[in-house]
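Structural overview
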Amino acid sequence: MRLNDFDPDDLRVRDQRGGGGRLPIGGGKLGIGTIVIALIGYFVFGVDPMQMIGNLQQVEQSGPAAEQQGGATVAESCNVDALSKEACNALASLNATWQPIFSAAGARFEQPILNFYAQNGSSGCGAAQSAMGPFYCPTDNGIYIDTDFYREMEQKLGAGGDFARMYVMAHEYGHHIQTLTGVSDKVRAAQSRNPDAANPISVRLELQADCYAGVWAARNRDRIEPGDIEEGMTAAHAIGDDTLMKNAGQRPVEAAFTHGTSEQRMTWLRKGLETGDVDQCDTFANPRA
Ligand SMILES: [Zn+2]
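In this text the structure is predicted, and so the values were computed from the model without any measurement.

Cut-offs used in this document
- Residues numbered from 1 in each chain as written.
- Predicted model: local features only at pLDDT ≥ 70, side-chain atom pairs only at ≥ 80, totals over all residues.
- Pairing = 2+ DSSP bridges.
- Helix = DSSP H or I, 4+ residues; strand = E, 2+ residues; numbered from the N terminus.
- Axes fitted to C-alpha atoms, helices over the stretch in contact; angles between N-to-C directions.
- Contact = placed C-beta atoms within 7 Å.
- Parallel < 35°, antiparallel > 145°, perpendicular 65-115°, else oblique.
- Left-handed = near helix turned anticlockwise from the far one by under 90°.
- Buried ≥ 20, exposed ≤ 12 C-beta atoms within 10 Å, placed from the backbone.
- Core = buried A, V, L, I, M, F, W, Y, C linked by C-beta atoms within 7 Å.
- Nonpolar A, V, L, I, M, F, W, Y, C, P; charged D, E, K, R; others polar.

All right, on to the sheet that holds strand β5 (residues 135–137) then. Within the open sheet, the 4 strands sit side by side as β1-β2-β6-β5. Their pairing is mixed. The strands lining the two open edges of the sheet, one partner per strand, are β1 (13–15) and β5. Direction aside, neighbouring strands of the sheet carry axes that sit 25° apart on average. For β5 and strand β6 (residues 142–145), the ladder comprises 3 bridges, and the chain directions are antiparallel. Note that in β6 the partner of Phe135 across the bridge is Tyr144. The strands touched by helix α6 (residues 162–181) are β5 and β6; relative to β5, the strand with the most contacts, the crossing angle is about 20°.

And the structure:
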C-alpha cells in the first residue's frame, strides 16, 4: 500500500524503547525466540476482554502504569527503522480516514496513541509483552506494538507483507473506534452479565474490528497495490482461532474461540473492504456470520 509520509506534528506516539533505540526494558524473559505459536494465537490482535479485565485489576493493585515519553520525539520514534515508519504512516492514514467519519456523524473524535516497545513494556492495562502480539488498551487509548512481532508473523504464521502489517494496525485502531463509540464498554458489561457467553461476544467484537480494518482500506482504495488484498486475506486466515489451534497441534474447540474462525475473519475483513461502510460492520446483528 502506498501511503503518504506521516506528519510528526499530527501524531500521538510514545516510545518505551529508550532513546529511540532498541534497548529492551525489563528482564526479557519472554524473548522473541521463546514465543509459542499457541500463545500468539491466543492473544494476537489484542484485546481479549476477559484478559483486559484481569489486567485492569492488576493495574488497580499496582498503581497507574508509567507514562514516560522516553525522551524521543515523534519523528525520532517513527524513524527508528522501516517498520516503525510504516506503522506511523499507517497511523496517520487511519487518523485521516476515521476523523471525518466521526465528524460527519457529529461525534467526538480522539486520536489513539501509538506506543512502541521492545519485548517488555508497560501499558495502562498492565504489562505489555511481545508474545501477546499487538494490542489496544482502552484505559489509555493506546495501540501497543513491538515491531519485532511482524517478523514473527511473517516467519511463523506465514503472513508477511506491508498490507498484512497494516491490517494489524487497522484492526487495533478498530478497537479504538469501538472504545469511542461505546461498543467496547457494552461488550464488557454483557460479558460480566453473562460470563458463559464471554467468548462468543468477544468474537463479535474482534470481527467488527476486522471489518473496520477493511473499511479503512476501502476508503484508501487508490493506494492499494497488486497483492495487498491477498496479503490481508492470508493474514486474516492465518490468525483465525481454528487455524491457530490446528497449527498448535490442538483440536479446534469453538467454545474457546475469542477472535473468530479463519473463514469469519476473512469474511468480515472482506465486507469492510468491499463496502467501505461502517454500517455494514454490525457483527452483533449477525451472530452466525
Ligand atoms: Zn482485536
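In the contact formed by helix α4 (residues 82–104) and α6, the axes pass within 10 Å of each other and the chain directions differ by 45°. It follows from the interaxial angle that α4 and α6 lie oblique. The way α4 lies across α6 gives a crossing that is right-handed. Two secondary-structure elements touch here, α4 through Glu86, Ala87, Ala90, Leu91, Leu94 and Trp98 and α6 through Asp162, Arg165, Met166, Met169, Ala170, Tyr173 and Ile177.

Even without a glycine there, the phi angle at Gln119 is positive, about 65°. Structurally, the position occupied by Gln119 is in the loop between β2 (113–116) and β3 (120–123). With 23 C-beta atoms packed within 10 Å, Gln119 lands in the buried category. The residue Asn141 is not glycine, and still its phi comes out positive at about 50°. Assignment of secondary structure puts Asn141 in the loop between β5 and β6.

What follows deals with the nonpolar core. If you look at the biggest cluster of nonpolar residues, it comprises 64 residues, and the most contacted ones within it are Leu91, Met169 and Ala170. The dominant element in this core, judged by the number of residues it contributes, is helix α8 (residues 198–218), at 12 residues. The residues contacting Met169, other than those within four sequence positions of it, are Ala87, Ala90, Leu91 and Leu94.

With that settled, consider the environment of Gly272. You can see Gly272 is positioned in helix α11 (residues 262–275). For Gly272, a count of 26 C-beta atoms within 10 Å corresponds to the buried category. Spatially, the C-alpha atom of Gly272 lies 9.1 Å from that of Gln208, the residues being 64 residues apart in sequence.

It is the contact of helix α9 (residues 228–238) with α11, at a shortest axis distance of 8 Å, that shows an interaxial angle of 145°. Between α9 and α11 the crossing geometry is right-handed. Where α9 abuts α11, its residues Ile229, Gly232, Met233, Ala236 and His237 lie against Ser262, Arg265, Met266, Leu269 and Leu273. For the contact of α9 with α11, the class distribution of residues is 6 nonpolar, 3 polar and 1 charged.

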